Amino acid sequence: MSEQISFETNDFASNPEPRCPCILLLDVSGSMNGQPLNELNAGLATFRDELSADALAMKRVEVGIVTFGPVKVETPFTSASTFYPPTLQSQGDTPTGAAITQALNMVEDRKRDYRANGISYYRPWVFLITDGKPTDAWTSAAEAIREGEASKKFAFFAIGVQGADMDTLRNISTREPLSLQGLKFRELFSWLSSSLRSVSRSTPGTEVPLEAPKGWASV
């Protein structure tokens, strides 16, 4: 992990473009086993393919992946050009609170890297995708989200797969959670990559409206 982080930090010299960081918080608990996880893996492949079709996004977008449970950094922040999605496997319970804390810490660490290297950056995006209910304490993580959103440190989005506890997600996220229809992970990640491409073409600091996929609940 340290080698990858070091490589990305050194990459700032050869690629001084502003960065658009996006971290994916992915539930891989036992209930995701089988078709849900297969579709999630296929969705990540779509995400990679669609980002790679945009030369500017490949230079500006950075992707990080944290899975839970247990909480694991699958992919430290890496540029879209070197991002290759891992093949996820289901295991464990749903420590949502710990996963959120890990992701927010990664975002702050990455922003420090940007500032130390004179790199401008867009407001980071944090996407939580889960099909269950947290099995750990999550109230402190929810408070950190509220504080971070209020100070515009990041934008947090919660996406509930069929069976997710949407009421808890509403308490965690300051935005209305998005309810995923069926197992349309490929459509979800196609929408996300399109949104990231739009942001990467804008000026850092400019708010870009994020429109929900057509026919889905608003985020």
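Keep in mind it's a predicted model, so treat the numbers as computed, not measured. (Residues numbered from 1 in each chain as written. Predicted model: local features only at pLDDT ≥ 70, side-chain atom pairs only at ≥ 80, totals over all residues. Heavy atoms only, no water.)

1. Things to note about the packing of aromatic side chains
Given two aromatic rings, one states the distance between the centres and the angle between the planes to describe the pair.
Point 1. Across all of its chains, the model carries eight aromatic pairs by this definition.
Point 2. Pairing Phe47 with Phe189 gives two aromatic rings, centres 5.6 Å apart and planes at 45°, and the pair type is tilted. Here the residue Phe47 occupies a position in helix 2 (residues 35–52), and Phe189 occupies one in helix 7 (residues 185–200), the gap between them amounting to 142 residues. Across the pair, Phe189 and Phe47 agree in class, each one buried.
Point 3. Plain terms: the ring middles of Trp125 and Phe157 are 5.9 Å apart, the flat faces sit at 75° to each other, and that makes the pair edge-to-face. Here Phe157 lies in strand 5 (residues 155–160) and Trp125 lies in strand 4 (residues 125–130), a separation of 32 residues in the sequence. (Phe/Tyr/Trp six-rings, centres within 6.5 Å; stacked < 30°, edge-to-face > 60°. Helix = DSSP H or I, 4+ residues; strand = E, 2+ residues; numbered from the N terminus. Buried < 20%, exposed > 50% of the residue type's maximum accessible area, 1.4 Å probe, protein only.)

2. Examining the sheet that holds strand 6 (residues 178–179)
Within a beta sheet, neighbouring strands are joined by backbone hydrogen bonds and run either parallel or antiparallel to one another.
Point 1. If you walk across this open sheet you meet the six strands as 3-2-1-4-5-6, and the pairing is mixed. The strands lining the two open edges of the sheet, one partner per strand, are strand 3 (72–79) and strand 6.
Point 2. Bridge count for strand 5 against strand 6 is two bridges, and the pairing is parallel. Bridge pairing in strand 6 places Ile159 opposite Leu178. (Pairing = 2+ DSSP bridges.)

3. Notes on the pattern of salt bridges
Point 1. Summed over the entire model, instances satisfying the criterion amount to 18 salt bridges.
Point 2. Salt-bridge contacts for Arg197 lead to Asp54; the nearest nitrogen and oxygen are separated by 3.9 Å. Of the two residues, Arg197 sits in helix 7 while Asp54 sits in the loop between helix 2 and helix 3 (55–60), which places them 143 residues apart along the sequence.
Point 3. Where Arg123 meets Glu149, a salt bridge forms, and the shortest distance between an N and an O atom there is 2.8 Å. With Arg123 in the loop between helix 4 (96–116) and strand 4 and Glu149 in helix 5 (residues 139–150), this pair connects stretches of sequence that are 26 residues apart. (Salt bridge = Lys/Arg side-chain N within 4 Å of Asp/Glu carboxyl O.)

4. Side note on the confidence of the model for the chain
Point 1. Taken residue by residue, the chain gives an average pLDDT of 88. The fraction at 70 or more is 89%.
Point 2. Within the model, the stretch residues 1–9 combines pLDDT values under 50 with 16 contacts to residues more than four positions away or in other chains. (pLDDT = per-residue confidence, 0-100. Contact = heavy atoms within 4.5 Å.)

5. A short note on the state of the cysteines
Point 1. Under the defined criterion, the tally for this structure stands at zero disulfides.
Point 2. Cysteine Cys20 remains unbridged, with the sulfur of Cys22 as its closest cysteine sulfur at 7.3 Å.
Point 3. Residue Cys20 is classed as buried on the basis of its relative accessible area of 0%.
Point 4. The buried category is assigned to Cys22, whose relative accessible area is 0%. (Disulfide = S-S within 2.5 Å.)

6. Overview of the nonpolar core
A general feature of soluble globular proteins is that nonpolar side chains tend to end up buried together.
Point 1. In terms of nonpolar packing, the biggest core is built from 36 residues, with Leu24 and Leu192 touching the most fellow members.
Point 2. Counting residues per element, this core draws most heavily on helix 7, at seven residues.
Point 3. Excluding its chain neighbours within four sequence positions, the residues that come into contact with Leu192 are Cys22, Leu24, Phe47, Trp125 and Phe127.
Point 4. Grouped together as the second largest cluster of nonpolar side chains are 23 residues, Val73, Leu104, Val126 and Met166 included. (Core = buried A, V, L, I, M, F, W, Y, C linked by side-chain atoms within 4.5 Å.)

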